[in-house]
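# Notes for the structure review
Listed below, chain by chain, are the residues.
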Amino acid sequence: MIEILLLPGDGVGPEVVEQAMIVLDAVKSKYSLEYTISEGMIGGQAIDATGKPLPQETLKKVQASDVIILGSVGGPKWDALPSDIRPEKGLLELRKGSDLFANLRPVKCWPQLLEQSPFKNHVVEGVDILIVRELIGGAYFGKKGTSHEGESTAAFDTIEYNDMQIRRIIKKAMDIAGTRRNRITSVDKANVLETSRLWRKIAEEEALNYPKITLNHLYVDNCAMQLCLNPAQFDIIVTENMFGDILSDQASVLGASLGMLPSASIGEGIALYEPIHGSAPDIAGQNKANPLAAILSVAMMLDISFNHRQAAEDVEKAVENVLIAGLRTADIWTKGLGLVGTREMGKAIAEQIK
Ligand code: NAD
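Here the structure is a predicted model, which is why all the values come from computation and not from measurement. (Residues numbered from 1 in each chain as written. Predicted model: local features only at pLDDT ≥ 70, side-chain atom pairs only at ≥ 80, totals over all residues. Heavy atoms only, no water.)

## As for the sheet that holds strand 11 (residues 262-266)
- One open sheet accounts for 10 strands, arranged 2-1-3-12-11-4-5-10-8-9; its pairing is mixed. Whereas interior strands pair on both sides, the edge strands pair on one side only; in this sheet they are strand 2 (35-39) and strand 9 (214-219). The sheet shows a mean angle of 20 degrees between the axes of neighbouring strands, taken without regard to direction.
- Its contacts with the sheet place helix 6 (residues 163-177) against strand 4 (102-108), strand 5 (128-134), strand 8 (183-188), strand 9, strand 10 (236-239) and strand 11, and it is angled at close to 175 degrees to strand 10.
- Against the sheet, helix 9 (residues 241-252) contacts strand 4, strand 5, strand 8 and strand 10, and its axis sits at roughly 155 degrees relative to strand 5. (Pairing = 2+ DSSP bridges. Helix = DSSP H or I, 4+ residues; strand = E, 2+ residues; numbered from the N terminus. Axes fitted to C-alpha atoms, helices over the stretch in contact; angles between N-to-C directions. Contact = heavy atoms within 4.5 Å.)

Next up, the structure:
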């Protein structure tokens, strides 16, 4: 029995998680899946209720779970809070505390959405990239501080990686590459950063253990450019935390909308599935958010945590069929197609699955 913990969070989070659960329920009936569901608080809603972005009660629930499905955290209401009690801090603590070191972000260009991409069709056609981002090291977790001297203020953040942290993410990427097209691009800034030089050395060492995998290296600035020029060249991109954060948002544009992109964060134990978008305060509470990223995150959960490829494919196929049928939320809509809201999109996918 798999124990699922829902952390819907803030803004559009609860709206898209609700639809993801309706879809999961449809899959459950079809394949007799066995799981339990509980719910907890994180982010701004948790700060409002308890003063903390990741309350003790939620942590207890995390420890009793196998899988977390998260919506999103944050919003303008909490923007002025100090950094140690901001909503995003709850998510960082959750990732770190659960040792979720590998963040998997597939970026796929759906043929039905080619027209919505800001790129020319021939650039994005056939794009199918997996970004493997190290999630619990680097600048977001290194020593940081602010100091004042007279009129002047200084601040610093530290990027630190050790060989073990690098090796395990590179190995994870290599293992996954064997199930895809056997190509890995390791992204760093080895011309200027010490951490990147260590990163590159370890990537080279590990590649010796995977003779079928082709490894190449790119500097992060060049990778950003190549993602616009010729994104179809990439199979897997593996990189450190901050580079991965930025490159995956950049790559998300290839897939037409942030609202289309799921993610999985995995370690040795519990796994966390979430859409890559944030709480989208500009459209929250209006039934406008695209729930497909959250729904496709459920597909990743079915594949990875339930080890049920067939059920995962069913969800992916249902998304494809609904797109072929012309249903679109506002972020992926163009003239002539059926504009639907969050709830209608979720319902359509669930019906496809049934
Ligand atoms: P965002 O992802 O919330 O929104 C960026 C843009 O994309 C907005 O125009 C929004 O309307 C649109 N968008 C996002 N998700 C969408 C969806 N499902 N359907 C349709 N349109 C969608 O990023 P932001 O505006 O930079 O951040 C808003 C808040 O979210 C901030 O507080 C930020 O810290 C937080 N955030 C949280 C996470 C997370 O929970 N993992 C990730 C990123 C940002």
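## Some words on the packing of helix 6 against helix 7 (residues 194-207)
- As a packed pair, helix 6 and helix 7 sit with axes 9 Å apart at the nearest point and diverge in direction by 45 degrees. Regarding the angle of helix 6 to helix 7, the classification is oblique. Considering only the axes of helix 6 and helix 7, their crossing is right-handed. Along the contact surface, helix 6 presents D163, I166, R167, I169, I170, K171 and M174, while helix 7 presents T195, L198, W199, I202, A203, E205, E206 and A207. (Parallel < 35°, antiparallel > 145°, perpendicular 65-115°, else oblique. Left-handed = near helix turned anticlockwise from the far one by under 90°.)

## Regarding the layout of surface pockets
- As a volume, the largest pocket reaches approximately 730 Å³.
- As for the largest pocket, its lining consists of 27 residues, of which P106, M300, D303, R309 and E316 are closest to the centre.
- When contributions to the lining of the largest pocket are tallied by element, the ones reaching two or more residues are strand 4, strand 5, helix 6, strand 11, helix 10 (292-304) and helix 11 (309-324).
- Among the residues making up the lining of the largest pocket, the classes are represented as 15 nonpolar, one polar and 11 charged.
- Each of two domains, domain 1 (1-109 + 256-354) and domain 2 (118-254), supplies a minimum of three residues to the lining of the largest pocket.
- By volume, the second largest pocket is sized at about 460 Å³.
- Around the second largest pocket sit 22 residues that line it, and E88, L91, R95, I276 and G278 are the ones nearest its centre.
- Within the residue set of the lining of the second largest pocket, elements represented by two or more residues are strand 3 (67-72), helix 4 (87-97), helix 9 and strand 12 (271-275).
- If one sorts the elements of the lining of the second largest pocket by residue count, helix 4 sits on top with four residues.
- Here the residues of the lining of the second largest pocket sort into eight nonpolar, seven polar and seven charged.
- In this structure, the lining of the second largest pocket is formed jointly by two domains, domain 1 (1-109 + 256-354) and domain 2 (118-254), each of which donates at least three residues. (1 Å grid on protein atoms, 1.4 Å probe; cavity = no way out; pocket = protein on both sides within 12 Å on 5 of 7 lines; lining within 4 Å. Points joined across faces, edges and corners; volume = space filled by probe spheres on them. Nonpolar A, V, L, I, M, F, W, Y, C, P; charged D, E, K, R; others polar. Domains from an automatic or database assignment.)

## Things to note about the domain arrangement of the chain
- As assigned here, the chain comprises domain 1 (1-109 + 256-354) and domain 2 (118-254).
- Distance from the C-alpha centre of domain 1 to the C-alpha centre of domain 2: 24 Å.
- Taken together, the contacts link 22 residues of domain 1 with 23 residues of domain 2.
- Between domain 1 and domain 2 the total buried area reaches about 2,100 Å² when both faces are included, carbon and sulfur atoms providing 61% of it.
- Three residues, F101, R105 and V107, lead the burial of domain 1 against domain 2; their summed loss comes to 34% of the area buried on that side.
- If you look at where domain 1 meets domain 2, you find one salt bridge.
- Linking D99 and R168 is a salt bridge whose minimum nitrogen-to-oxygen distance equals 3.0 Å.
- Where domain 1 packs against domain 2, one counts eight residue pairs in polar contact (both at pLDDT 80 or more).
- Mapped by element, the contributors of at least two residues to the side of domain 1 that touches domain 2 are helix 4, strand 4 and strand 11.
- The dominant element in the side of domain 1 that touches domain 2, judged by the number of residues it contributes, is strand 4, at seven residues. (Buried area = accessible area lost by both parts, 1.4 Å probe. Salt bridge = Lys/Arg side-chain N within 4 Å of Asp/Glu carboxyl O. Polar contact = N/O pair within 3.5 Å; in protein donor to acceptor, adjacent residues only side chain to side chain.)

## Some thoughts on the environment of S248
- By the secondary structure assignment, S248 is in helix 9.
- Look at S248 and you get buried, because its relative accessible area is 1%.
- Taking the C-alpha atoms as reference points, S248 and V107, separated by 141 residues in sequence, lie 8.2 Å from one another.
- Sequence-distant contacts of S248, that is, excluding residues within four places in its chain, are made with R105, I131 and I276.
- In terms of polar contacts, S248 uses its side chain to reach the backbone carbonyl oxygen of D245, at 3.2 Å. (Buried < 20%, exposed > 50% of the residue type's maximum accessible area, 1.4 Å probe, protein only.)

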